[in-house]
Amino acid sequence: NKVWTLRKRPVGDVSDGDLELEEAPVPAVGEGEVRIRTLFLSLDPTNRIWMSDRDQYMPPVEVGDPMRGGGISIVEESRFDGLQPGDIVNTGLGTWSLYHVKKGSEVTKLPALPGVPLTAFMGPLGMTGMTAYFGLMDIGKPKPGETLVVSAAAGAVGSMVGQIGKIQGCRVVGIAGSDDKCRWLTQTAGFDAAINYKKEDVGAALDRHCPDGIDINFENVGGEIMDTILTRLNDFARMPLCGLISSYNATEPVPGPYNFSMLLMRHVTLKGFIVTDYMERFAEGMQAMAGWLLEGKIKFETDIVDGLENAPASLERLFSGKNLGKLVVKVSDP
Ligand code: NDP
């Protein structure tokens, strides 16, 4: 097997030597188990959280342990009823490795959807799609005519949030880090407006694009962008707090939010959530997202990096904003 092991906790950006690619034997397949080979490895901002020892929503990866990650795999050997060699499965919680031997009950066979590429199961039909769906629908509670603002809008989660918001009849404004991304948001993904936060005055642009204020802020970034949004929320606004990517690489305490009091002044509901909170309802989310996908109402992009050996160095794409849509590593061919 080829396995990425965490060798030391990164300081700031992940750098050479923080992880090491090691050779390891693949364990024999026991009764009720399967051996699966990774096709796509998912790279997620939360990988950076797991590499650190900050207080977090699950235990961090320990130094010396394989790096944790998810993805899509193919079954190569099965001693589990219901899975056969050649089946494509969701890896579940796995590691940054070529092979896993897991209980058959821990992996889920992916449905075959004609015309839908496998990468959709990393995006709209994967964890990021479920994050967008449940965060927006359950916490954001969108109503037709309301204004939704989403940050990291051209990323895996944000791009889905905005499109689901449009389907729900909202006015949708995205915030992203390049003109190309903003063009994709308005011209391909159907957002009403997009703001390039690296070039524009975000506050002034929000005032222009959200003349009736903001009813829902789907928050992916935190920091200055969130602070600017906080002062423009309407009474009884909802705020699904999905991520705070601007602070994941921080080496010093991150100041703010300075406008926290607006949550009180505007009677705002803010709720932090982790997608796994909704695990029991994934079938509902998958059905809704698959329906919209097949109807052509949802567009998605996948940013594909080649080769397991490039996984750690590619994580940086999420923090510099090089990715459009879901960042994945192609590990092997079916
Ligand atoms: P994305 O595909 O959105 O990639 C991250 C994007 O964040 C980058 O493309 C970049 O785009 C933007 N970004 C990075 N650093 C900054 C910064 N300092 N300021 C502003 N924007 C920045 O990743 P995901 O869709 O996977 O994740 C998006 C967010 O959702 C993250 O915060 C993540 O932690 C969170 N998340 C939460 C889950 C949950 O269960 N709560 C599950 C999955 C994700 P740009 O060019 O626009 O800067």
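About the cut-offs
- Residues numbered from 1 in each chain as written.
- Predicted model: local features only at pLDDT ≥ 70, side-chain atom pairs only at ≥ 80, totals over all residues.
- pLDDT = per-residue confidence, 0-100.
- Domains from an automatic or database assignment.
- Contact = placed C-beta atoms within 7 Å.
- Helix = DSSP H or I, 4+ residues; strand = E, 2+ residues; numbered from the N terminus.
- Nonpolar A, V, L, I, M, F, W, Y, C, P; charged D, E, K, R; others polar.
- Core = buried A, V, L, I, M, F, W, Y, C linked by C-beta atoms within 7 Å.
- Buried ≥ 20, exposed ≤ 12 C-beta atoms within 10 Å, placed from the backbone.
- Axes fitted to C-alpha atoms, helices over the stretch in contact; angles between N-to-C directions.
- Parallel < 35°, antiparallel > 145°, perpendicular 65-115°, else oblique.
- Pairing = 2+ DSSP bridges.

(A) Main features of the confidence of the model for the protein. For the protein, the average pLDDT comes to 98, and 100% of its residues sit at 70 or higher. Interface confidence for the predicted complex, given as ipTM, is 0.99, next to a pTM of 0.98.

(B) Structural detail: the domain arrangement of the protein. For the protein, the assigned domains read domain 1 (2-120 + 301-330) and domain 2 (127-276). At the junction of the two partners, domain 1 supplies 14 residues and domain 2 supplies 16 residues. A per-element tally of the side of domain 1 that touches domain 2 places helix H1 (residues 45-51) first, with three residues. Looking at the side of domain 1 that touches domain 2 residue by residue, the class counts come to six nonpolar, five polar and three charged.

(C) Summary view of the nonpolar core. Formed by 79 residues in total, the largest nonpolar core has its most connected members in Leu41, Val149, Leu185 and Val329. Examining the composition of this core, we find that six residues originate from one element, helix H2 (residues 127-140), more than from any other. Both domains that furnish three or more residues to this core are identified here as domain 1 (2-120 + 301-330) and domain 2 (127-276). If sequence neighbours within four positions are ignored, Val329 has contacts with Phe40, Leu41, Leu43, Val305, Gly307, Leu308, Asn310, Ala311 and Ser314. By size, the runner-up hydrophobic cluster in this structure holds eight residues, among which are Val34, Phe80, Leu83 and Tyr99.

(D) Structural view of the packing of H2 against helix H8 (residues 282-294). It is at 10 Å that the axes of H2 and H8 come closest, and there the two elements cross at 95°. As far as their axial angle goes, H8 and H2 are roughly perpendicular. From H2, Gly129, Met130, Tyr133 and Phe134 reach across to H8, where they touch Phe282, Gly285, Ala288 and Met289. Residue classes in the contact of H2 with H8 are distributed as six nonpolar, two polar and no charged.

(E) Just the environment of Ser151, in detail. Note on placement: Ser151 falls in strand S10 (residues 147-151). The class for Ser151 is buried, based on 30 C-beta atoms found within 10 Å. Note: C-alpha distance between Ser151 and Ile225 (74 residues apart in sequence) is 7.9 Å. The residues touching Ser151, leaving out its near neighbours within four places in the chain, are Gly158, Ile175, Glu219, Asn220, Val221 and Ile225.

(F) Local environment of H2. Most of H2 is tucked away, with twelve of its 14 residues classed as buried. Among all positions in H2, only Met127, Thr128, Gly129, Met130, Thr131, Ala132, Tyr133, Phe134, Gly135, Leu136, Ile139 and Gly140 are buried.

(G) Representation of the sheet that holds S10 within the structure. The strand order across the open sheet formed by six strands is S12-S11-S10-S13-S14-S15, and the pairing between neighbours is parallel. Edge positions in the sheet fall to strand S12 (193-196) and strand S15 (269-272), since each of these pairs with one other strand and no more. Sheet twist, expressed as the mean angle between neighbouring strand axes with direction ignored, is 15°. Pairing of strand S13 (residues 214-218) with strand S14 (residues 233-241) involves two bridges; the strand directions are parallel. Directly across from Ile216, in S14, lies its bridge partner Arg238. Taken strand by strand, helix H5 (residues 202-209) contacts S10, strand S11 (171-176) and S12, and its axis lies near 170° from that of S12.

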